Amino acid sequence: MTTELLIILLIAVVVVAGAGIGLLVSRKNRGLPSPRDLDQITERTIDHPEEPEPGPVDDGLLEDDFVELDETGAPATETTVDEPTAPAVEAPEPPQGRMMRLRARLARSQSSLGKGLLSLLGGGKLSDDDWEEIEDTLLAADVGVGPTTELVENLRARLSTEGVSDTDRARTILREELIGLVGPSLDRTLHSTGDDGAPGVVLVVGVNGTGKTTTVGRLARVLVAEEKTVLLGAADTFRAAAADQLETWGERVGVPTVRGPEGGDPASVGFDAVKRGITEGTDVVLVDTAGRLHTKAGLMDELGKVKRVVEKQAPVTEVLLVIDATTGQNGLTQARVFSEVVDVTGVVLTKLDGTAKGGIVVAVQRELGVPVKFVGLGEGADDLAPFDAEEFVDALLA
Ligand SMILES: Nc1nc2c(ncn2[C@@H]2O[C@H](COP(=O)(O)OP(=O)(O)OP(=O)(O)O)[C@@H](O)[C@H]2O)c(=O)[nH]1
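Reading the values: rules and limits
Residues numbered from 1 in each chain as written. Predicted model: local features only at pLDDT ≥ 70, side-chain atom pairs only at ≥ 80, totals over all residues. Helix = DSSP H or I, 4+ residues; strand = E, 2+ residues; numbered from the N terminus. Expected span 1.5 Å × (residues − 1). pLDDT = per-residue confidence, 0-100. Contact = placed C-beta atoms within 7 Å. Near = placed C-beta within 6 Å. Nonpolar A, V, L, I, M, F, W, Y, C, P; charged D, E, K, R; others polar. Core = buried A, V, L, I, M, F, W, Y, C linked by C-beta atoms within 7 Å. Buried ≥ 20, exposed ≤ 12 C-beta atoms within 10 Å, placed from the backbone. Domains from an automatic or database assignment. UniProt positions renumbered as here; feature names shortened; annotations may be inferred. Pairing = 2+ DSSP bridges. Right-handed = clockwise from strand over helix to strand, strands pointing away.

**As for helix α5 (residues 128-140)**
Since the α-helix packs 3.6 residues into each turn, any two residues three or four apart lie on the same face.
So, point 1. With 13 residues, α5 extends 18 Å between its outermost C-alpha atoms, agreeing within 8% with the 18 Å of an ideal straight helix rising 1.5 Å per residue.
So, point 2. Directly beyond the C-terminal end of α5, a positive phi value near 65 degrees is found at D142.

**Description of the confidence of the model for the chain**
So, point 1. Within the chain, residue pLDDT values average 80, and 77% of them lie at 70 or more.
So, point 2. Across residues 15-70, where pLDDT falls below 50, the model places 35 contacts with residues more than four positions away in sequence or in other chains.
So, point 3. Two summary scores accompany this predicted model of the complex, namely pTM at 0.78 and ipTM at 0.94.

**Some words on the site of the ligand**
So, point 1. Residues in contact with the ligand amount to 17 residues; listed here are only the nearest, G211, K212, T213, T214 and G376.
So, point 2. If you tally residues by element for the shell around the ligand, the top one is helix α8 (residues 212-225), at three residues.
So, point 3. The residue makeup of the shell around the ligand, split by class, is two nonpolar, nine polar and six charged.

**Structural notes on the nonpolar core**
It is characteristic of soluble globular proteins that their nonpolar side chains tend to be buried jointly.
So, point 1. In this structure, A220, L286, V287, L349 and V364 are the most contacted members of the largest nonpolar core, which totals 89 residues.
So, point 2. There are two domains that each give this core at least three residues, and those are domain 1 (95-182) and domain 2 (200-388).
So, point 3. What V287 contacts, discounting residues up to four positions off in sequence, is V201, V202, L203, V204, G233, A235, G270, A273 and V310.

**Concerning unusual backbone geometry**
So, point 1. Of note in the backbone geometry, D196 takes a positive phi value of approximately 50 degrees without being a glycine.
So, point 2. Residue placement: D196 occurs in the loop between α7 (167-182) and β3 (200-205).
So, point 3. The exposed category is assigned to D196, around which 6 C-beta atoms lie within 10 Å.
So, point 4. Positive phi, normally seen in glycine, also occurs at K351, with a value near 60 degrees.
So, point 5. Looking at the secondary structure, you find K351 in the loop between β8 (346-350) and α13 (360-368).

**Thoughts on helix α4 (residues 107-121)**
So, point 1. Compared with an ideal rise of 1.5 Å per residue, which puts 15 residues at 21 Å, α4 spans 20 Å between its outermost C-alpha atoms and is within 8% of the ideal.
So, point 2. For α4, the full list of buried residues reads S109, S112, L113, G114, G116, L117 and L121.

**Quick notes on the UniProt feature "domain: SRP54-type proteins GTP-binding" (unreviewed entry) in the chain**
So, point 1. The feature "domain: SRP54-type proteins GTP-binding" (unreviewed entry), as given by UniProt, occupies residues 371-384 in the numbering adopted here.
So, point 2. Taken end to end, residues 371-384 is 0% helix and 43% strand, and its first and last C-alpha atoms sit 16 Å apart.

**Some remarks on the pairing of β8**
Each regular strand carries side chains that alternate between the two faces of the sheet.
So, point 1. Within β8, five of the five residues are buried, which leaves it mostly tucked inside the rest of the structure.
So, point 2. Judged by which residues are buried, β8 turns out to be covered on both faces: G346, V348 and T350 on one side and V347 and L349 on the other are all buried.
So, point 3. Strand direction decides the pairing type here: strand β7 (residues 318-324) and β8, joined by five bridges, are parallel. Following the sheet pairing, D324 is matched in β8 by T350.
So, point 4. Since β7 and β8 lie parallel, the crossover through helix α12 (residues 329-341) that links them has a hand, and here it is right-handed.
So, point 5. Across three bridges, β8 lies against strand β9 (residues 372-376) in parallel orientation. By the bridge assignment, V348 is partnered in β9 with F374.
So, point 6. Each parallel crossover has a hand, and the one from β8 via α13 to β9 is right-handed.

**Quick word on the pairing of strand β4 (residues 230-235)**
So, point 1. Most of β4 is tucked away, with six of its six residues classed as buried.
So, point 2. The two faces of β4 match: V230, L232 and A234 on one face and L231, G233 and A235 on the other face are all buried.
So, point 3. Note that β4 and strand β6 (residues 284-289) share six bridges and pair parallel. Directly across from G233, in β6, lies its bridge partner V287.
So, point 4. Bridge count between β4 and strand β5 (residues 257-259): three bridges; the pairing is parallel. Its bridge partner lying in β5, A234 is registered against R259.
So, point 5. With helix α9 (residues 240-252) bridging β4 and the parallel β5, this β-α-β connection has right-handed handedness.

This is how it looks when you write it as structure tokens:
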């Protein structure tokens, strides 16, 4: 009897356990209710993030030519062309008159350099102490020792022979002398026209953080405002964000960007950009380069190679060096290194707004023997002004 009872109990346990497992398996097969079903069940409304639709990822990139750079020993790097995708393009402001519009941005240079000098010079007969103060004012504004001595000598000679005692005359003399120092007859045009139908090729070089990428973007706007067709080459491949940043600048004015993979060969990007510029009959190709100032030899290799490789397609018509005006002597040291590495043909001085060091315009021209062609006077898209000696001095003395 006991044995029979035990057998019955055992069968009962097996049946109950089997039913339980069956229930679990069937629930598993049906799947648990989704969060939304649970909401309906519980009549609670909870926001759940939409699940992404599966499908092909469109990154907006197009395949471009694969470039072999055997002769230079450069690794072949695949570049892509990012056509502008934004439908609405902006109409950039024409470059003429920008310096006048932005002259108030030179306020700090104005008060320390222009107004400081005027108040000293307009005060009648000047003592040696006054002249020393004039010298200090010029040096503090980063004019540089040589140009300061030259200016003071010229002013002394003119003021003593002409015997000036009124402010207006002092202003006129100072204006003339400052304009002479800045160089009114230097060729400050952007050399952006290629020969024999080839595009103009502008290489933009400089240390990262000086405003190089911003400058390339703004130059594109200047050229678009002049009704030129433009192509950008994102040869700063060391920081992915630099290419993205450049592409955004281009998109705003309907200008495409040729870019390579992060860490790819900058020379390949330059090569492809110019190649495409030739094929499409583009007026100007602007190439943003990387400015890692790690070692002079490294920089020389990199920039030298970009230029050499690009010139297999078309001559470089301009090499613009971007210098941050707020860095003073440091900026001049950078300028020296870059000019030893590449043939710099023009300077862009950024961040001239809000610095008291407006005299750097003179110092950098003397240092490199090349003209300042553009100045950055703010963070706005069209705050890059073609440099003009007279307008600059007038803004200082306003
Ligand atoms: N106030 C002022 N800011 C400027 C000017 N030009 C550039 N900047 C700012 O300087 C910062 C650096 O500019 P970038 O163009 O990123 O500098 P970069 O040299 O290309 O540096 P990387 O992209 O790191 O290579 C940005 O915040 C710009 O808005 C200028 O003329 N005035």
